[in-house]
Amino acid sequence: MVMEDAEAPHHMLLLRNFMAQGLVHNQPLLYASPARDPRGFLGTLPSPAASKDNKSYETDPDQSKNLQEKGLRIAWQYKKYFGENQLNFDGQKGSLSLDGKHEYSNEFDLRKPLDRHFLNRQHVDCVSIQDSPDLSVLRDRCSTFSSQFPRNDGSVSCAGRIAIQSFCAPQCAYSNMEWDMLSFIRSLKSMVRSSNSVAIITFPPSLLSPSFCKRWQHMADTLLSVKAIPDEDKDLAQLLTGYQEMVGFLNVHKVARINTQVPVILEATTFSIKLQKRRYLVLECLNQAPVDGSSGTSYGTSGSCSGSSKAGNLDF
Amino acid sequence: MAESICRLLRDGALEGEHAPALTIKDSIASPFGFHVFAHVLSQLSSFILAGKSQSRGLVVVCFSRSPSFYLELLKNKGIDVVSSDKRIQTLDCYSDPLGWKSRLTETGNFMACSHETSISRTTNVFKDVKHMDKLYNSIVELGKGLVGGGKIRFSVAIDSVDEMLRHASMSSVSGLLSKLRSHDQVSSIFWLLHSDLHEAKVTAVLEYLSSMVAGLEPLHQPANGQRGDMENFSLIEHNLKKGKFHVRFKRRNGRVRVMVQFSLQLSEKERIDKANVVLPFEHQGNGKPIQIYDGRRSLADSKHERPVGATETVQTSEDSGRGEIIYYRDSDDEMPDSDEDPDDDLDI
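Residues numbered from 1 in each chain as written. Chains lettered and ligands numbered in written order. Predicted model: local features only at pLDDT ≥ 70, side-chain atom pairs only at ≥ 80, totals over all residues. Heavy atoms only, no water.

Which entries qualify depends on this criterion: UniProt positions are given in the numbering used here, feature names are shortened, and annotations may be inferred rather than shown by experiment.
By the naming in an unreviewed UniProt entry, chain B is Elongator complex protein 5, taken from Durio zibethinus. You can read under Pathway (unreviewed entry) in the UniProt record for chain B the words "tRNA modification; 5-methoxycarbonylmethyl-2-thiouridine-tRNA biosynthesis."

Within an unreviewed UniProt entry, the label attached to chain A reads Elongator complex protein 4, and the organism entered is Durio zibethinus. In its Pathway (unreviewed entry) section, UniProt records this for chain A: "tRNA modification; 5-methoxycarbonylmethyl-2-thiouridine-tRNA biosynthesis." Regarding chain A, the UniProt comment filed under Sequence similarities (unreviewed entry) reads as follows: "Belongs to the ELP4 family."

This is the structure we're talking about:
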């Protein structure tokens, strides 16, 4: 689940990535949103970024110095259920590179829309939740969708993705039915658990009462939040390296740990959301801008190689 | 800051984008919301009538004041609504919001007052404010009546969301605002909210639905629990004359811009100083060499001096063969485009 910031649409970037990744992997998709015509959003899904030599879809290793949705890669652990021989991609359309490596997490070019043939397939379904008086329609659609991917013993042949955007948006007729919405989330969890599917729900926590906000957070297997960044903030610009490219922050609050007691300890839980060259979504650990070396204090955390303005004894 | 707001409403929406929406919110501690609403209304109206805005018409949805009040207000600002009825229409949700007068008239128990139901080319009476769907249809119908079909857009002003919430649920009001924002022909929309009349969730919802939130706050906060204190009375009185104007813009690049202004009106001295500022590249046109304003002092002060430093001289009519920069200001109120951002086309 992703907690939205009412002041910025960064959750849409995550949704686009999630949905586009599924379509590129030939995975059926169910998308629900409060818009009148949710299908319109599909036109904004990005296309996998073309590599430099145009021969494969592998990401440029030079770009892997950033974390590249590390938090999400941890969450989408479905990859371990795929056997080497299960995937059957068309080398031109899918994400499988010519040398047989599987690309579970593509880099997407936000300025290039996804090819139409991905969207014209039968297994892309959209639901508008704006006018529904209650959640029965959405529940039925999710149930029908997830029943296509029953969980059997053995390897997974196909997985499904459910994306629900702005679940408690105020224009939805059911938006004041807090217990019903909570009950729906519980149902969805059980559907997803008993099938080979994953679901992402985004919601604006400021529109829920505090107790229900807590309950919803508790229901999530993986919990993220996105936050807007203030524009032209001189203090932040001094504090953070690369502030100019940042559009917001992403926090990882909880990571799914199912059927295990071993906790996940992440190197970092706060990432900056950047749009590299205004086309590639990049998540990076926050780098503190270097402190003046002459004072003797240490430089910021990993990765920053910028020099300080004054040379001091401890400079290297 | 008000200019920034008005400019964004004037510029409207890009293709495929939701219309910019402004929430003006105030409270009893700083009750200037209606002044801001009136200012934005008159500015947008003048842009529309001058053909300088994306929208070609304005629908004013009147809940808390009569349509004639707004027509008078615009007239006092120099906007002739009567002759421009093809650009501005009001939807009267004030005179008979629940249709009671109509029903009483039908039963013969009530004589409708002539001035309230006077035939006006600019006013349409709406009598079913409990049904947001019907209100939505009426607003859109009025707007289309102003601008026609196709791709020409109109703007919508709602003078009181509080009144709407008296009669309809939050979700239906949200639905109406959201549908208006996503309508292909709506260029911009703005509304007024008295935040202390509602629970915090209502304000949160309306802020969620907006792309700009302009809040009015008191300059001085009186101490809690000491309401009877004379010092607090003078603070409250002071807060009734001045306030803090706090605006949050949700930008297309996904960032939030915050602006705060500590006085809602320019003082006389500030007005004079502002009028004396000569913008760079303003064409003087008197055949004499032009000094480009270096930002430090006005031309009037430096007329008889030869300032050293950054100023340059530019020849005018003698050098008509060379290129020159001629700058036309859109209006005297408009500030230089200091908030133009190259990232504005970055649409997340």
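## Re the overall build of chain B
Using the following cut-off: Numbered from the N terminus, helices here are DSSP runs of H or I no shorter than four residues, and strands are runs of E no shorter than two. Burial classes follow relative accessibility: with a 1.4 Å probe on protein chains only, a residue under 20% of its type's maximum area counts as buried, one over 50% as exposed, and anything between as partly exposed. Accessibility throughout is a Shrake-Rupley quantity obtained with a 1.4 Å probe, and a residue counts as covered only by protein chains that appear here.
Along the backbone of chain B there are 10 helices and 11 strands. By the burial criterion, 44% of the 348 residues in chain B qualify as buried. Looking at chain B as shown, the accessible area adds up to about 18800 Å², and 52% of this sits on carbon and sulfur atoms.

## Let's talk about the packing of helix α7 (residues 170-182) of chain B against helix α8 (residues 200-209) of chain B
Residues and elements named next belong to chain B. Which entries qualify depends on this criterion: Only the contacting stretch of a helix is used when fitting its axis, a line to C-alpha atoms as for every element, and angles between N-to-C directions run 0 to 180 degrees. Roughly parallel means an angle under 35 degrees; roughly antiparallel, over 145; roughly perpendicular, 65 to 115; everything else is oblique. Whether a crossing is left-handed or right-handed is set by the direction in which the near helix is turned from the far one by less than a right angle, anticlockwise for left-handed and clockwise for right-handed. In what follows, residue pairs with any heavy atoms lying within 4.5 Å of each other are defined as contacts. Think of it as three bins: nonpolar holds Ala, Val, Leu, Ile, Met, Phe, Trp, Tyr, Cys and Pro, charged holds Asp, Glu, Lys and Arg, and polar takes everything else, Gly as well.
Where α7 meets α8, the closest approach of the two axes is 10 Å, and the angle between their N-to-C directions is 15°. Classified by the angle their axes make, α7 and α8 are roughly parallel. You can see that α7 and α8 cross each other, and the crossing is right-handed. Residue-level inspection shows M170, S174, L177, S178 and R181 of α7 in contact with α8, the latter providing V202, V205, L206 and L209. Tallied by class, the residues present in the contact of α7 with α8 amount to 6 nonpolar, 2 polar and 1 charged.

## Topic: the nonpolar core
This is how the line gets drawn: Buried Ala, Val, Leu, Ile, Met, Phe, Trp, Tyr and Cys residues that are joined via side-chain atoms within 4.5 Å together make up what is termed a nonpolar core.
Judged by nonpolar contacts, the single largest core of 76 residues is most densely connected at L138, F167 and W216 of chain A together with L135 and I158 of chain B. In terms of residue count, the dominant contributor to this core is helix α5 (residues 132-147) of chain B (8 residues). Residues contacting L135 of chain B, with those up to four places away along its chain left out, are F63, L91, C93, F126, M164 and L176 of chain B.

## Some thoughts on the interface of chain B and chain A
To keep it simple, the criterion reads: Two parts lose some accessible area (1.4 Å probe) when they are put together, and adding that loss for both gives the buried area. Salt bridges are identified by distance alone: a Lys or Arg side-chain nitrogen within 4 Å of an Asp or Glu carboxyl oxygen. Pairs of N or O atoms are called polar contacts if they sit within 3.5 Å, as long as, within protein, a hydrogen donor faces a hydrogen acceptor (for residues adjacent in sequence, only side-chain-to-side-chain pairs).
Contact with chain B, which involves 24 residues of that partner, is made by 33 residues of chain A. Where chain B abuts chain A, roughly 2300 Å² becomes buried across the two surfaces, and 51% of that area is made up of carbon and sulfur atoms. Taking the shortest distance from any N to any O, the salt bridge between E232 of chain A and R257 of chain B comes out at 3.8 Å. Across the chain B-chain A interface, the total number found is 12 residue pairs in polar contact (both at pLDDT 80 or more). Contributions of two or more residues to the side of chain B that touches chain A are made by α7, α8, β8 (243-250) and β9 (255-261) of chain B.

## A look at the side chain of S55 of chain B
Residue and element names in this part refer to chain B. Its place among the elements puts S55 in strand β2 (residues 55-62). Given the relative accessible area of 0%, S55 is considered buried. Within the structure, the side chain of S55 is placed 3.0 Å from the side chain of S155, a separation counted as a polar contact. S55 has contacts with I48, R153, F154, S155 and S187, leaving out every residue within four places of it along the chain.

## Brief notes about helix α1 (residues 2-11) of chain B
Residues and elements named next belong to chain B. Taken together, the buried positions of α1 are occupied by S4, I5, C6, R7, L9 and R10. In this structure, the buried residues of α1 make contact with β1 (21-26), α2 (33-49), β6 (186-194), β7 (212-218), β8 and β9. G12 lies just past α1 and shows a positive phi near 70°.

## Points about the environment of Q261 of chain B
Along the chain, Q261 of chain B falls in strand β9. When near neighbours in sequence (up to four residues on either side) are disregarded, Q261 of chain B contacts M1, G243, K244 and F245 of chain B.

## Digging into the packing of α1 of chain B against α2 of chain B
All names here are of chain B. Relative to each other, α1 and α2 sit at 45°, their axes nearing to 10 Å. The angle between α1 and α2 places the two elements in the oblique class. Remark: the crossing between α1 and α2 carries right-handed chirality. Of the residues in α2, those in contact with A2, C6, L9 and R10 of α1 are H39, V40, Q43, L44 and F47. A per-class count over the contact of α1 with α2 returns 6 nonpolar, 2 polar and 1 charged.

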